[in-house]
Amino acid sequence: MHVLRRRGWEIPERLATPEHLFFNRRAVLGGGVAAAAGLLLPSPAPAQRVADLPDPTKDLYPLKRNEKYTLDRPITDEKLNASYNNFYEFGSSKLIAKQAQALKLRPWVIKIDGLVEKPREIGIDDLIKRMPLEERLYRHRCVEAWSMAIPWSGFPLAELVKFAEPLSGAKYLRMESFLDSAVASGQRQTWYPWPYVEGLTLAEATNELAFLAIGAYGHPMPKQHGAPLRLAVPWKYGFKHIKSITRFTFTDQRPKGFWEALQPAEYGFWANVNPEVPHPRWSQATEQLIGLDERRPTLLFNGYAEYVAHLYKGLEGERLWA
Ligand SMILES: Nc1nc2c(c(=O)[nH]1)N[C@H]1C(S)=C(S)[C@@H](COP(=O)(O)O)O[C@H]1N2
Ligand SMILES: [Mo]
């Protein structure tokens, strides 16, 4: 069975057809692909077969590490990181890794719309092919006062912005996660404002630190970390790091994030890390390093001030730190 599925990837049709059309057609045609590949075996149900395809990005790894971004702490143990997650689509506990395996990663179509030259849809693999890939070591500081350090693989968000060709009126980038309550049980909890949304100013989105991750720890992104495409903005609290993105919208309206929509008294748009500004219910002065028996003082902008402090000049009157 494995060989059959693998060959499905190698047929010329895949190379000649935009990915999202290919997948859609394939799902419709079912056994047609196997027939085209000259295989006469009966094929399993199309939906099941699409979900079981091997990850087409796995041969990209390992990616070359960009040594510019260094850590002041060890990389978090991979197993721990993969079993301690926030992904409310799959429940409010940290133990959602198992449930998250229900997420189907292909086809994965990304919509780019709003104030752009030309709205478009692009399959994740077609997008990845166009982007300059690298590995970066980033700190991650959750608003809940714990932190990790992760080797992400991916590409600068600025490259996606360039690809999208925003119009001059675009001031913000709104990002949206997948919406599928059939696989994500948390999305059946209708009191949450699904889908998960986050936003950045265009100046933030094109800052060199803003990164779109497609992998972690030298391989494709585990589902629980937000495969196949997840944001990393390490100077901001963790909830800005939207997972499993399906849509990028360029707009002149400040986007309202999932947590801001749910609890505006506690969570806002900027959400920059600042140890001196407490959350309404707890201090942000220190953080627990996950996997290490250690609490450390939290750093302003999570230690990334030299890259991003200039973005907030003149905005001191705003609520920059929640
Ligand atoms: N779609 C989506 N993205 C999300 C979340 C979520 O619940 N849903 N949680 C956020 C929070 S609060 C954190 S701390 C990080 C956790 O990422 P990790 O599980 O890879 O550590 O994801 C962020 N992105
Ligand atoms: Mo978080």
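Residues numbered from 1 in each chain as written. Chains lettered and ligands numbered in written order. Predicted model: local features only at pLDDT ≥ 70, side-chain atom pairs only at ≥ 80, totals over all residues. Heavy atoms only, no water.

## Brief notes about the nonpolar core
The biggest cluster of nonpolar side chains holds 81 residues, and the ones touching the most others in it are Leu157, Leu229, Trp235 and Phe248. Residues in contact with phenylalanine 248, not counting those within four places in the same chain, are Ile110, Lys111, Ile112, Asp113, Leu157, Leu160, Leu173, Arg174, Met175, Leu212 and Leu229. (Core = buried A, V, L, I, M, F, W, Y, C linked by side-chain atoms within 4.5 Å. Buried < 20%, exposed > 50% of the residue type's maximum accessible area, 1.4 Å probe, protein only. Contact = heavy atoms within 4.5 Å.)

## Side note on unusual backbone geometry
Residue proline 62 follows tyrosine 61 across a cis peptide bond; omega there is -5 degrees. Structurally, the position occupied by proline 62 is in the loop between helix H5 (46–51) and helix H6 (78–81). Note the cis peptide between arginine 106 and proline 107, where omega equals -5 degrees. With respect to the helices, strands and loops of the structure, proline 107 is situated in the loop between helix H7 (97–100) and strand E1 (109–114). Despite not being glycine, glutamate 165 has its phi angle at roughly 50 degrees, a positive value. Residue class for glutamate 165 comes out partly exposed when judged on its relative accessible area of 41%. (Helix = DSSP H or I, 4+ residues; strand = E, 2+ residues; numbered from the N terminus.)

## Some words on the pattern of salt bridges
Considering all chains together, one arrives at 22 salt bridges under this definition. When the shortest N-O distance is used, the salt bridge between aspartate 55 and arginine 106 registers 3.8 Å. You can see aspartate 55 sitting in the loop between H5 and H6 and its partner arginine 106 sitting in the loop between H7 and E1, a full 51 residues away along the chain. The partner of lysine 162 in a salt bridge is glutamate 159, and the shortest N-O contact between them spans 3.5 Å. Taken together, the positions of lysine 162 and glutamate 159, both in helix H9 (residues 157–164) and three residues apart, correspond to about one turn of that helix. You can call lysine 162 exposed: its relative accessible area is 58%. Salt bridges sharing common partners tie together Asp72, Arg73, Arg139, Arg141, Glu287, Glu294 and Arg296. (Salt bridge = Lys/Arg side-chain N within 4 Å of Asp/Glu carboxyl O.)

## Considering the site of ligand 1
The environment of ligand 1 is formed by 17 residues, the closest being Tyr88, Glu89, His225, His241 and Lys243. Residue asparagine 86 places a main-chain N or O atom 3.3 Å away from a nitrogen atom belonging to ligand 1. At 2.8 Å, a side-chain N or O of glutamate 89 approaches a nitrogen atom of ligand 1. For ligand 1, the accessible surface in isolation is 540 Å², of which the surrounding protein chains cover 98%. Tallied by class, residues from the shell around ligand 1 come to seven nonpolar, seven polar and three charged. (Near = heavy atom within 4 Å. Polar contact = N/O pair within 3.5 Å; in protein donor to acceptor, adjacent residues only side chain to side chain. Areas by Shrake-Rupley, 256 points an atom, 1.4 Å probe, with all protein chains shown as cover. Nonpolar A, V, L, I, M, F, W, Y, C, P; charged D, E, K, R; others polar.)

## Topic: the sheet that holds E1
The strand order E2-E1-E10-E5-E6 describes an open sheet built from five strands, whose pairing is mixed. Strand pairing shows two members of the sheet lacking a second neighbour, strand E2 (120–123) and strand E6 (197–201), which therefore form its edges. With strand direction ignored, the average angle separating the axes of adjacent strands in the sheet is 20 degrees. Sheet analysis places E1 next to strand E10 (residues 245–251), joined by four bridges and oriented parallel. Bridging across to E10, aspartate 113 finds its partner in threonine 249. Along the sheet, H9 contacts E1, E2, strand E5 (172–177), E6 and E10; its crossing angle with E10, the most-contacted strand, is approximately 65 degrees. (Pairing = 2+ DSSP bridges. Axes fitted to C-alpha atoms, helices over the stretch in contact; angles between N-to-C directions.)

## Concerning H9
If you check which residues of H9 are buried, you get Leu157, Leu160, Val161, Phe163 and Ala164. End-on view of H9: buried residues confined to an arc of 160 degrees, all on one side of the axis. Two residues or fewer past H9, glutamate 165 is found with a positive phi of approximately 50 degrees. (Arc of directions from axis to C-beta.)

Keep in mind that these numbers describe shape and distance, not what the molecule does.
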